[in-house]
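Here are the chains, one letter per residue:
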Amino acid sequence: MPYLGGEEVVRELRRALSNPHVQADRMRYRNAVLRVIRHMAQGVDVSGLFPEMVKASAVPDVVQKKLVSLYVRAQAPRQPQLALLAVNTLRKDCAHPSPAVRGLALRSMCGLRMPGIQEYLQQPLLSGLRDKASYVRRVAVLGCAKMLKLQGDCEVDGALVNELYSLLRDPDPIVVVNCLRALEEILKKEGGVVINKPIAHHLLNRMADLDQWGQSEVLTFLLRYKPRTEEELFDILNLLDGCLKSSSPSVVMAATKLFLVLAREYPHVQADVLVRVKGPLLSACTSESRELCFTALCHVRQILRSLPGHFSSHYKKFFCSYSEPHYIKCQKMDVLCELVNDENVQQVLEELKSYCTDVSIELAQAAIFAIGNIARTYTEQCVGILTELLRLQQEHITSAVIQAFRDLVWLCPQCTDAVCRALPGCEDTIQDSEGKQALIWLLGTHGEKVPNAPYVLEDFVENVKSEMFPAVKMELLTALVRLFLSRPAECQDTLGRLLYFCIEEEMDMAVRDRGLFYYRLLQSGVEQVKRVLCGPKSDPSLGLLEDKTEQPVNAWASEFNTLAPVYGRERWALVTAHQPAEPSYTCSPRIDSSNRDTESLISEENKEVLKVHPDTGSLTLIPDVYLTAEQFEKTWLSLNTNWHLSLPWCGAVHPDTIQAALHVVHIQTIAMSKAGVQPWKAYLSAQDDTGCLFLTELLLEAADSEMQVSVKQSEAKPEAMQAFISVLKTVMGTVAGLES
């Protein structure tokens, strides 16, 4: 929003910048430029000062050049024609004797987000990549990635990529790391930078020269390299051993992930690494940085899935501090629940009990639920603590305790008597919906053990007209019908009044339908009601609600040191699947409306059809496994065709739709012809969980003809080949149905 009174300010600034006396005084000139930057930050529209500011950059003062650079990058999209004046000045500065000026000029040119800037960038960037000053080379490498981003979908310059690969052996370590990041951005569609054996060993030998940020980046890229022999594998692990002792948590975590992934076939090595990383993780869990502490706690919980007692001897490290935020306290309580054993159960329960009276209602209830979780193993001690908490007669505490009792009674029937003895008197304290539902469920299911159960439910029925929550009313219906079966004389009148209200007076349709259902069910006879409501129950020992089986480390090793443990696997998959597209600043051709949004062409229903479920077939395709065009061509020429088939095809081919559908089932597109080209071709690759490659060629000679499909396999596996062909047929059949 423009700043009010901006016109007068701009005129004053223009007079100052054009004043020869100001230009002659270096400090006054710099202060005038600084005033422009200050007003720009305050919202004043200073785009009209573009010519004066460009002129102000033609001075030897480096500080003033930086200020002008900031202005030019911010205002260039508003003044694309005048920005060409700045481009000429910046190109001259790219040949300046000072490395600082040359680097600043390159940074400024790469920051100009305007159409057509790419043609002015190419030569200065190539010169910058060969510059003697390391600072200029650092800027030029990152500038290459910016230039390719500005170009949008244009083809990648192979000479530029080769130049960046050669700079991986640059003597400056920051240039090396910048090259990796730039190549990753430039080759994103081809699968990113390729790490072969020479590059991997070179990066390993340069680890000592890198700073902490560079080490964590290089360790992440080394995940793409697979050692060919066991000897090479352990040589790499020995070289990286020092990274596990680093003072930087990011380096330790990245090294740990690399160890876990490389040693996937050596569980004893993985266990040893997790023992060694215990100390750094515990230090991170007590860090003053809340973000670091929370992330470390999430990774601790991930490790506990495979090693349940891994941190048991350090359980006191996970006791909550008063000053910690709520989300960290909740994570620590979840960890404590998993660390409980016979030796520390008393101390852990005493600590959790102290949290139950915290001033924060959310924290107090979370502590009560944590005690309820521990009660599944140590029932007697936990039930005693929860019963003591009921005597406090605090609404939020009583509600949470009753909810914990409800879950505990279902999982541990042996504690039913103790829970039922604690229930009388709780109905006067509970006011929230969840607590009422839990209490009503307990009274309905185990009311024969609670003497005043019919009368407590009768009080609920008396106040049913003022009840705001439909869920409570439906729970009350079910509980009264159940209690009627065991204590009919005491419940008959109350049940009749409740049914009459629900059927005749209730406005909520769900409650009314539930009342009609029970009314008609009672008309069919008591035996029928017992068969429906009192059927055989599941055995709690089967563990249907929770799965405590230990997971192998390989199940989550690839997710270690990512945001997946923080968000959760399912949520993180949703986040990564809906990342917004980055804008480009090139003039793209007009897109036909039928192809404007390829995602919308594939509905959620069709996506479910396309997905490959590992538990329903013999094939599991691995996502994010990419082959470069060179690797594909080399492998394709070395293999024989294992399968050939023809698929019926009607109408034109829409490559974007096909590519989106193949991506759903984890099939990578190596190359694909444009729409309308005849013959139309596409080359695909996929890899299953055993490492077997499937290379595919699609050929369509003309529209409304059969599509020829040729598949090559790296290993002779007939069953896997048939499963892959079935997946491919499903995908192409779905796409053909969409396009017809």
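In the block above lies the structure referred to throughout.
Residues numbered from 1 in each chain as written. Predicted model: local features only at pLDDT ≥ 70, side-chain atom pairs only at ≥ 80, totals over all residues. Heavy atoms only, no water.

## Focus: the overall build of the chain
Of regular secondary structure, the chain possesses 37 helices and five strands. A globule of 740 residues ought to have a C-alpha radius of gyration of about 27 Å, yet the chain, at 34 Å, is considerably larger. Classification of the 740 residues of the chain by burial places 48% in the buried group. Within the chain, counting contacts between residues at least 6 apart in sequence, those at least 24 apart form 65% of the total. Accessible surface, the chain: about 38000 Å² in total, of which carbon and sulfur atoms supply 52%. Once the 76 positive and 90 negative side-chain charges of the chain are each reduced to a mean point, those two points are 8 Å apart. (Helix = DSSP H or I, 4+ residues; strand = E, 2+ residues; numbered from the N terminus. Rg over C-alpha atoms; globule rule 2.2 N^0.38 Å. Buried < 20%, exposed > 50% of the residue type's maximum accessible area, 1.4 Å probe, protein only. Contact = heavy atoms within 4.5 Å. Areas by Shrake-Rupley, 256 points an atom, 1.4 Å probe, with all protein chains shown as cover. Lys, Arg positive; Asp, Glu negative; His and termini not counted. Charge placed at Lys NZ, Arg CZ, Asp CG, Glu CD.)

## As for the side chain of T445
Structurally, T445 can be placed in helix α25 (residues 433-445). Among the polar contacts listed, one links the side chain of T445 to the side chain of R482, at a separation of 3.1 Å. (Polar contact = N/O pair within 3.5 Å; in protein donor to acceptor, adjacent residues only side chain to side chain.)

## Structural notes on helix α17 (residues 278-285)
One turn of an α-helix holds 3.6 residues; hence residues three or four places apart share an orientation. When α17 is considered as a whole, its buried residues turn out to be K278, L281, L282, A284 and C285. Down the axis of α17, the buried side of the element spans an arc of 160°, and every buried residue falls inside it. Contacts from the buried residues of α17 go to α15 (249-262), α16 (267-276), α18 (290-304) and α19 (326-339). (Arc of directions from axis to C-beta.)

## Focus on the environment of Y29
Structurally, Y29 is set in helix α3 (residues 26-41). Among the residues examined, Y29 registers a relative accessible area of 5% and is labelled buried. In sequence terms Y29 and L126 are 97 residues apart; their C-alpha atoms lie 34 Å from each other.

## Comments concerning the pattern of salt bridges
Under the defined criterion, the tally for this structure stands at 30 salt bridges. Across the pair E338 and R301 runs a salt bridge whose closest N-O atoms are separated by 3.6 Å. In this pair, E338 sits in helix α19 while R301 sits in helix α18, placing the two residues 37 residues apart along the sequence. With a relative accessible area of 28%, R301 lands in the partly exposed category. The residue K717 makes a salt bridge to E715 at a minimum N-O spacing of 3.4 Å. A relative accessible area of 25% places K717 in the partly exposed class. E715 sits in the partly exposed class, given a relative accessible area of 34%. (Salt bridge = Lys/Arg side-chain N within 4 Å of Asp/Glu carboxyl O.)

So yeah, pure geometry; function would need other evidence.
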